[in-house]
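Coordinate inspection notes
Below are the chains, spelled out letter by letter.
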Amino acid sequence: MPSSSEVAHVEIRDHLRVGPGPVDLSTIDPAGTPGLPAGKETTRDPKLWSRGQVAAIGTHLASRQERLYAAAKAGSPHRLLLLLQAMDAGGKDGTVKHVAGQMNPLGLKIVSFGKPTEEERRHHYLWRIRRALPAPGIVGVFNRSQYEDVLVVRVKDLVAPDVLSKRYDEINRFENKEVGDGLTLVKVMLHISKAEQKKRLVERLTDPTKYWKYNPADVDERSHWDGYMAAYAAALSRCNTDAAPWYVVPADRKWYRNWAVAHLVWETLDELDPKYPEPDFDPAAELARLRAAK
Ligand code: ADP
């Protein structure tokens, strides 16, 4: 077990990647901690351990993010998108704060998708998504995404079944094309239990500093829990491609969630391995010129 400032490296993607075939979310424990290194520190004070690890991973994230940004200046098409989906109170905002918060705001683009505006409703559902994609060199974060159009839309019967059923392949084609254009996509479902959601909603109603997070519609949404689980299972199995795989992160324990998502993004950026570009000038000659100048 490394000390809190060293990073414990595990292949977290292997633990969290959705397998082929149908998905049954009831078999994934929302309080689980897949891939967590065993050791005294993780059992004695997991929150403290996670905080130290996320900060240590954060320095790696930031350095790779800088290289991604620098490479784009020299024409590299690479960009990364962390896409977050979850039930209400599932921890999307907390994940943005703790994981994306480790990176340089200059190279980040964070977009939240709510109920479509009037203008958005006049367009195809992918219109607002395409506009929000990160440019080369940028790390994007989607707080909700195109998947709302096969989640809430399915649960609430907002479109006809034949329209809905075509969307899965359409989303796959869209994602596949973007991946061909330099996008690396990390799709994460933060998986919380119904009991944990209740606990978090109660907290929002009993702490005046959290009232602003509460939306009375959350209680109504909660009554559709099983419908949402079925909709998630369909999206996770039908849109789990090699180009754009899905990961399920157990999210009842916030400290595990932060660690797992930070690790997932780090591992992905590490594989991408962006490089600083070669200068298109002679640094020695430029230095000599600068020194000679008044
Ligand atoms: P959050 O709950 O993520 O903090 P909001 O309070 O703005 O943010 O809620 C966003 C709401 O917008 C959610 O209820 C979500 O289901 C809804 N929404 C998002 N995308 C769509 C969509 N394409 N169609 C219908 N509703 C959507």
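Everything discussed here concerns the structure shown above.
Residues numbered from 1 in each chain as written. Predicted model: local features only at pLDDT ≥ 70, side-chain atom pairs only at ≥ 80, totals over all residues. Heavy atoms only, no water.

1. Remarks on the site of the ligand
Neighbouring residues of the ligand: Asp 88, Lys 92, Phe 113, Gly 114, Lys 115, Pro 116, Arg 128, Arg 144, Glu 148, Asp 149, Val 152 and Val 153. For the ligand, a nitrogen atom lies 3.1 Å from a polar atom in the side chain of Arg 128. Protein contacts shield 69% of the accessible area of the ligand, which totals 570 Å² for the unbound molecule. Class assignment for the residues of the shell around the ligand results in 4 nonpolar, 1 polar and 7 charged. (Near = heavy atom within 4 Å. Polar contact = N/O pair within 3.5 Å; in protein donor to acceptor, adjacent residues only side chain to side chain. Areas by Shrake-Rupley, 256 points an atom, 1.4 Å probe, with all protein chains shown as cover. Nonpolar A, V, L, I, M, F, W, Y, C, P; charged D, E, K, R; others polar.)

2. Quick notes on the packing of aromatic side chains
Applying the stated criterion to the full structure yields 5 aromatic pairs. With a centroid separation of 6.4 Å and an interplanar angle of 90°, the aromatic rings of Trp 255 and Tyr 256 are classed as edge-to-face. We note that Trp 255, like Tyr 256, is buried. In this structure an aromatic cluster arises from ring pairing among Trp 49, Trp 255, Tyr 256 and Trp 259. When the ring centre of Tyr 125 is taken as origin, the NZ or CZ atom of Arg 167, which lies over that ring, is 4.2 Å away. (Phe/Tyr/Trp six-rings, centres within 6.5 Å; stacked < 30°, edge-to-face > 60°. Buried < 20%, exposed > 50% of the residue type's maximum accessible area, 1.4 Å probe, protein only. Lys NZ or Arg CZ within 6 Å of the ring centre and 35° of its normal.)

3. Some remarks on the packing of helix α3 (residues 46-73) against helix α12 (residues 254-272)
One can describe the packing of α3 onto α12 by two numbers: an axis separation of 9 Å at closest approach and a directional angle of 25°. It follows from the interaxial angle that α3 and α12 lie roughly parallel. The chirality of how α3 crosses α12 is left-handed. Two secondary-structure elements touch here, α3 through Pro 46, Lys 47, Trp 49, Ser 50, Gln 53, Val 54, Ile 57, His 60, Leu 61, Arg 64, Gln 65 and Leu 68 and α12 through Trp 255, Asn 258, Trp 259, Ala 262, His 263, Val 265, Trp 266, Leu 269, Asp 270 and Leu 272. (Axes fitted to C-alpha atoms, helices over the stretch in contact; angles between N-to-C directions. Helix = DSSP H or I, 4+ residues; strand = E, 2+ residues; numbered from the N terminus. Parallel < 35°, antiparallel > 145°, perpendicular 65-115°, else oblique. Left-handed = near helix turned anticlockwise from the far one by under 90°. Contact = heavy atoms within 4.5 Å.)

4. Some details on a positive patch on the surface
A cluster of basic side chains, namely Lys 47, Arg 51, Lys 97, Lys 213 and Lys 254, defines a positive patch on the protein surface. With respect to the helices, strands and loops of the structure, Lys 213 is situated in the loop between α9 (194-206) and α10 (217-222). (Patch = residues over 30% accessible without salt bridge, like charges linked within 9 Å, V, L, I, M, F, W, Y side chains within 5 Å. Salt bridge = Lys/Arg side-chain N within 4 Å of Asp/Glu carboxyl O. Lys, Arg positive; Asp, Glu negative; His and termini not counted. Charge placed at Lys NZ, Arg CZ, Asp CG, Glu CD.)

5. So, the pattern of salt bridges
Following the criterion strictly, the structure yields 18 salt bridges and no others. The salt bridge involving Glu 203 is made with Lys 210; its shortest N-O contact spans 3.8 Å. Under the relative-accessibility criterion, Lys 210 is labelled partly exposed at 25%. Through salt bridges with shared partners, one network takes in Arg 13, Glu 267 and Glu 271.

6. Notes on the side chain of Asn 143
With respect to the helices and strands, Asn 143 occurs in strand β3 (residues 139-143). Here Lys 92 takes part through its side chain, which lies 3.3 Å from a polar atom of the side chain of Asn 143. Contacts of Asn 143, omitting those with residues within four sequence positions, involve Leu 84, Lys 92, Asp 93, Val 111, Ser 112 and Phe 113.

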